[in-house]
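Chain by chain, the residues:
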Amino acid sequence: MFESLLTFFRKRKIRKYASDIPTGIIPLDGISSVNVVIDVEEPEFDILKEEILAWGRKTGLKVNIYFLDFRKLGKEELLLTSITTTIIKKELDWLGTPPLQKISALLQEPSDLFISLVENGGFPIEFISCSAKARFKIGRQGFPGHAYDMVISGSPTEDLRSDVRKIFTAMTGFLEKIR
């Protein structure tokens, strides 16, 4: 009973904040700004962050990175990323919606490309993906309603499935081939 009620309210919230910007595949030379969401729990996420920023510098793109950090932190543990761009589990509301002030740039400022490198973020990443004001969206896992224009997930037998850095390289490789 509670699960069906939760699903109802989640769908309603997504409809309320869903982006109305038409999306589609855009060539790399038509892109100037990129928003990327990565999971802090991914192995070597700090190397991935640097690779994303280096790719942005190399291609001349303005890159904003947002982080999901759903780890259970002890009292002495600190966040590995900036508090202003990191969504932590205790900040989610009862539906699982991230705080709107942290993702306001995604919700209000149009960008050219949105990349989600989060494999399984549940409702928070579904909400962010559907609400992001981007003209081209790429992700690792599809959602009902087809939030992404391109999904790169790899096959279960390849190590691409578990290596987010290889997935990012595959995504940027596809972007460079689009004309």
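Residues numbered from 1 in each chain as written. Predicted model: local features only at pLDDT ≥ 70, side-chain atom pairs only at ≥ 80, totals over all residues. Heavy atoms only, no water.

Along an α-helix, a turn takes 3.6 residues, which lines up residues three or four apart on a common side. Over its 14 residues, helix H5 (residues 164-177) runs 20 Å from end to end, which matches the ideal 20 Å to within 8%, given 1.5 Å per residue. Residues Val164, Ile167, Phe168, Met171, Thr172 and Leu175 constitute the buried set of H5. Mapping the buried residues of H5 onto a view down its axis gives an arc of 135°, with all of them on the same face. In the core, the buried residues of H5 are packed alongside helix H2 (45-59), strand S4 (111-116) and strand S5 (134-139). (Helix = DSSP H or I, 4+ residues; strand = E, 2+ residues; numbered from the N terminus. Expected span 1.5 Å × (residues − 1). Buried < 20%, exposed > 50% of the residue type's maximum accessible area, 1.4 Å probe, protein only. Arc of directions from axis to C-beta. Contact = heavy atoms within 4.5 Å.)

Another aspect to go through is the side chain of Thr97. Mapping Thr97 onto the fold places it in the loop between strand S3 (86-88) and helix H3 (104-108). A relative accessible area of 2% places Thr97 in the buried class. If sequence neighbours within four positions are ignored, Thr97 has contacts with Lys13, Glu91, Leu92, Phe123 and Phe127.

So, on to the sheet that holds S4. With parallel pairing, the six strands of this open sheet are ordered in space as S3-S2-S1-S4-S5-S6. Looking along the sheet, the strands with just one partner apiece sit at the ends: S3 and strand S6 (150-151). When S5 meets S6, the two strands line up parallel, connected through two bridges. Residue pairing in the sheet places Gly139 in a bridge with Val151 of S6. Packed onto the sheet, helix H4 (residues 122-131) meets strand S1 (33-39), strand S2 (62-69), S3, S4 and S5 and runs at close to 165° relative to S4. (Pairing = 2+ DSSP bridges. Axes fitted to C-alpha atoms, helices over the stretch in contact; angles between N-to-C directions.)

In this section: a positive patch on the surface. A cluster of like positive charges, contributed by Lys11, Arg12, Arg15 and Lys16, occupies part of the molecular surface. Inspection of the secondary structure assignment puts Arg15 in helix H1 (residues 2-17). Residue classification places Arg15 among the exposed residues on the basis of a relative accessible area of 58%. (Patch = residues over 30% accessible without salt bridge, like charges linked within 9 Å, V, L, I, M, F, W, Y side chains within 5 Å. Areas by Shrake-Rupley, 256 points an atom, 1.4 Å probe, with all protein chains shown as cover. Salt bridge = Lys/Arg side-chain N within 4 Å of Asp/Glu carboxyl O. Lys, Arg positive; Asp, Glu negative; His and termini not counted. Charge placed at Lys NZ, Arg CZ, Asp CG, Glu CD.)

Here we take up unusual backbone geometry. The backbone of Glu44 sits at a positive phi, close to 60°, despite the residue not being glycine. Along the chain, Glu44 turns up in the loop between S1 and H2.

Time to look at the layout of surface pockets. Computed from the structure, the largest pocket encloses a volume of approximately 230 Å³. Taken together, Thr7, Arg10, Lys11, Ile14, Arg15, Phe123, Glu126, Cys130, Pro144, Gly145 and Ala147 make up the full set of residues lining the largest pocket. When contributions to the lining of the largest pocket are tallied by element, the ones reaching two or more residues are H1 and H4. Of all the elements, H1 adds the most residues to the lining of the largest pocket, at five residues. (1 Å grid on protein atoms, 1.4 Å probe; cavity = no way out; pocket = protein on both sides within 12 Å on 5 of 7 lines; lining within 4 Å. Points joined across faces, edges and corners; volume = space filled by probe spheres on them.)

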